[in-house]
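These are the residues of each chain, in order.
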Amino acid sequence: MKPYVGTADLHSHSTASDGALKPEELVSRAAARGLTHLALTDHDNASGVAQAQKAAGALGVTLIPGAEISTTWNNAEIHIVGLFLDLSTPALQQFFKGQLERRQERAEEIGRRLERQGFEHAYERTKAMAREGAVITRGNYARYIASTGRAQSTDDAFNTYLKKGRSAYVSTLWPDIAEACAVIARAGGVSVLAHPRRYDFTNSKLRRLITYFVSCGGRAMEVASCQQRPCDREFLAKLSVEYALKASLGSDLHQPSPWRDLGLSLLLPPECSAVWTCPEAEPYFKNFKEDPA
Ligand code: AMP
Ligand code: MN
Ligand code: MN
Ligand code: MN
């Protein structure tokens with residue numbers, strides 16, 4: 001059976017953060033796979049959007065300007081995806097600047113910790129592997145570590161060095177969820193709680209997070225992703241209905257693989273109210289056909 005490939009993917013990364021594909025390559029891939037709508041949601045910046053939009057125009061793809069914002073809630077890093085952003089909003093530009101400064105400090109500290117473990121010039125080498133001006137995430141460090149052979153894969157690099165509790169982990173105090181939702185709203189966007197199942201929370205803690213997110217003006221949550229257990233998708237769909245949140249879907253693509261790719265398996269359960277029914281989405285989703293041709 002051919003895998004299902006949906007027509008919209010609302011979470012993806014390019015070389016503007018820790019994705020492997022350039023913005024225009026990501027858009028070409030979307031077009032080749034039959035997608036009509038793609039949101040570019042790099043970490044804490046939107047510097048790839050203009051280039052992506054240029055490519056999208058030529059290929060008949062609708063490019064949605066977005067970003068994935070890091071926040072802190074109860075000592076955990078929670079990601080909030082902003083969609084349909086007006087990137088000319090000064091408050092948003094200011095916010096990205098602050099995030100970039102936090103990321104810069106953190107990236108340098110991660111580099112120093114790796115140096116102490118024998119990774120020479122870890123920061124400079126990671127930076128050299130990333131696109132010029134790209135925001136350096138742990139994802140970039142993971143690629144660098146794997147390239148040295150001191151980890152089998154990027155996953156292994158996370159497990160050995162980068163994840164919470166490991167030797168190069170640097171804890172960062174990101175802005176509150178309320179601040180992220182407020183700046184997204186000011187930029188005319190919709191706040192989406194990213195990958196709710198990836199925080200390893202109990203169901204009751206996840207409910208507390210969603211309750212807080214809603215109180216901050218959060219409007220939607222991701223329900224469908226690639227490689228997801230059917231029971232997880234059903235549970236998230238149920239939560240979206242219960243909390244009256246719109247439902248979003250996204251591959252969170254960093255690097256294509258057989259199990260993660262643009263549009264792959266992205267289908268919302270019928271009880272969901274899709275995020276593209278928000279008024280903010282209207283300009284982007286005119287004539288949208290959810291079912292692939
Ligand atoms: P950062 O925002 O700098 O903390 O980096 C987060 C990024 O690292 C995520 O968007 C993923 O791309 C990647 N990442 C986080 N945790 C893992 C993990 N356990 N294994 C592989 N990649 C991960
Ligand atoms: Mn990432
Ligand atoms: Mn994320
Ligand atoms: Mn992401």
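Residues numbered from 1 in each chain as written. Chains lettered and ligands numbered in written order. Predicted model: local features only at pLDDT ≥ 70, side-chain atom pairs only at ≥ 80, totals over all residues. Heavy atoms only, no water.

### Quick notes on the overall build of the protein
Note the cut-off: Here a strand is any run of E in DSSP of at least two residues, a helix any run of H or I of at least four, and the numbering for each starts at the N terminus. Radius of gyration: C-alpha atoms only; globule rule: 2.2 Å multiplied by the number of residues to the exponent 0.38. The classification of residues rests on relative accessible area computed with a 1.4 Å probe and restricted to protein chains. Under 20% of the type maximum is buried, over 50% is exposed, and intermediate values are partly exposed.
For the protein, the helix and strand inventory stands at nine helices and seven strands. Relative to the globule expectation of 19 Å for 293 residues, the C-alpha radius of gyration of the protein, 18 Å, shows essentially globular dimensions. For the C-alpha atoms alone, the extent of the protein along its principal axes is close to 55 × 45 × 40 Å. Residues classed as buried in the protein amount to 54% of the 293 residues present.

### Brief notes about the pattern of salt bridges
Basically, it comes down to this: One speaks of a salt bridge when a side-chain nitrogen belonging to Lys or Arg is within 4 Å of a carboxyl oxygen belonging to Asp or Glu.
Scanning all chains against the criterion turns up 11 salt bridges. Here Asp44 and Arg103 are joined by a salt bridge, their closest N and O atoms 2.9 Å apart. With a gap of 59 residues between them, Asp44 in the loop between strand E2 (37-40) and helix H2 (49-59) and Arg103 in helix H3 (residues 90-116) connect regions that are remote in the sequence. Like Asp44, the residue Arg103 is buried in the burial classification.

### Things to note about the pairing of strand E3 (residues 62-73)
Along any regular strand the residues' side chains alternate between the sheet's two faces. Here is the rule: At least two bridges found by DSSP between two strands is the condition for calling them paired.
Across the 12 residues of E3, 11 count as buried, placing the element largely inside the fold. Across four bridges, the pairing between E2 and E3 is parallel. Bridge assignment links Ala39 to a residue of E3, and that residue is Ile64. In this structure, E3 lies alongside strand E4 (residues 76-83), joined through eight bridges in antiparallel fashion. By the bridge assignment, Gly66 is partnered in E4 with Leu83.

### Thoughts on the coordination of the manganese ion (ligand 2)
Put simply, the rule is: For Na, K and Ca the donor cutoff is 3.2 Å, while for all other metals N, O and S atoms must lie within 2.8 Å; water is not among the atoms, so some sites may look incomplete. For a four-donor site, all angles between 85 and 135 degrees give tetrahedral; for four or six donors, opposite pairs above 155 degrees with the remaining angles between 65 and 115 give square planar or octahedral; all remaining cases count as irregular.
Distances from the manganese ion (ligand 2) to its protein donors, Asp18 (OD), Asp18 (OD), His43 (NE2) and His254 (NE2), fall at 2.1 to 2.8 Å. Between the six donor atoms coordinating the manganese ion (ligand 2), the angles at the centre fall across 51 to 163°, so the site counts as irregular. Summarised as a motif, the one-chain spacing of the donors to the manganese ion (ligand 2) is D-x24-H-x210-H. A separation of 5.8 Å is found between the manganese ion (ligand 2) and the manganese ion (ligand 3). Here His43, found in the loop between E2 and H2, pairs with His254, found in the segment after strand E7 (246-249); they are 211 residues apart in sequence, far enough to count as distant. Residue classification places His254 among the partly exposed positions, given a relative accessible area of 22%.

### Quick look at the coordination of the manganese ion (ligand 3)
Here the manganese ion (ligand 3) is held by the protein donor atoms Glu68 (OE), His79 (ND1) and His195 (NE2), which lie 2.1 to 2.2 Å from it. In the primary sequence, the donor residues of the manganese ion (ligand 3) line up as E-x10-H-x115-H.

### Structural notes on the packing of aromatic side chains
Convention followed: Pairing of aromatic rings covers Phe, Tyr and the six-membered ring of Trp, with a centre-to-centre limit of 6.5 Å; geometry is then stacked below 30 degrees between planes, edge-to-face above 60, and tilted otherwise.
All chains considered together, the criterion is met by nine aromatic pairs. Between Phe84 and Phe285, the aromatic rings sit 6.3 Å apart at their centres with planes inclined by 80°, giving edge-to-face as the arrangement. Highlighted residues: Phe84 in the loop between E4 and H3 and Phe285 in the segment after E7, separated in sequence by 201 residues. Summarising the burial analysis for this pair, Phe84 and Phe285 share the class buried. Their ring planes at 65° and their centres at 4.8 Å tell us that Trp276 and Phe288 sit as a pair that is edge-to-face. Placement of the pair is Trp276 in the segment after E7 and Phe288 in the segment after E7, with a sequence separation of 12 residues.

### A short note on the sheet that holds strand E1 (residues 8-9)
Each strand in a sheet pairs with its neighbour through backbone hydrogen bonds, running either in the same direction (parallel) or in the opposite one (antiparallel). Put simply, the rule is: Contacts are assigned to residue pairs with any non-hydrogen atoms lying within 4.5 Å of each other. Lines are fitted to the C-alpha atoms to define the axes, a helix being fitted only along its stretch in contact, and any angle between axes, read from their N-to-C directions, falls within 0 to 180 degrees.
Read across the sheet, seven strands follow the order E1-E2-E3-E4-E5-E6-E7 without closing on themselves; strand pairing throughout is mixed. Only two strands of the sheet have a single neighbouring strand rather than two, namely E1 and E7. Alignment of strand E5 (residues 190-193) against strand E6 (residues 220-224), held across two bridges, turns out to be parallel. In the strand pairing of E6, Leu193 is matched with Met221. Across the sheet, helix H8 (residues 203-215) is in contact with E3, E4, E5 and E6; its angle to E5 comes to roughly 175°.

### Focus on helix H5 (residues 138-148)
The cut-off we apply is this: Distance and chemistry together define a polar contact, namely a pair of N or O atoms within 3.5 Å, with one atom able to donate a hydrogen and the other to accept it when in protein, and with adjacent residues in sequence counting only for side-chain atoms on both sides.
When H5 is considered as a whole, its buried residues turn out to be Arg138, Gly139, Asn140, Tyr141, Ala142, Tyr144 and Ile145. Tucked into the core, H5 has its buried residues touching E4, H3, helix H4 (122-129) and helix H6 (154-162). N-cap assignment for H5: the residue whose side-chain oxygen lies 2.9 Å from the backbone N of Gly139 is Thr137.

### A word on the state of the cysteines
Short version of the rule: Note on terminology: pairs of cysteine sulfur atoms within 2.5 Å are recorded as disulfides.
The full count for this structure, using the stated rule, is zero disulfides. Residue Cys278 stays outside any disulfide, its sulfur separated by 13 Å from that of Cys181, the closest cysteine.

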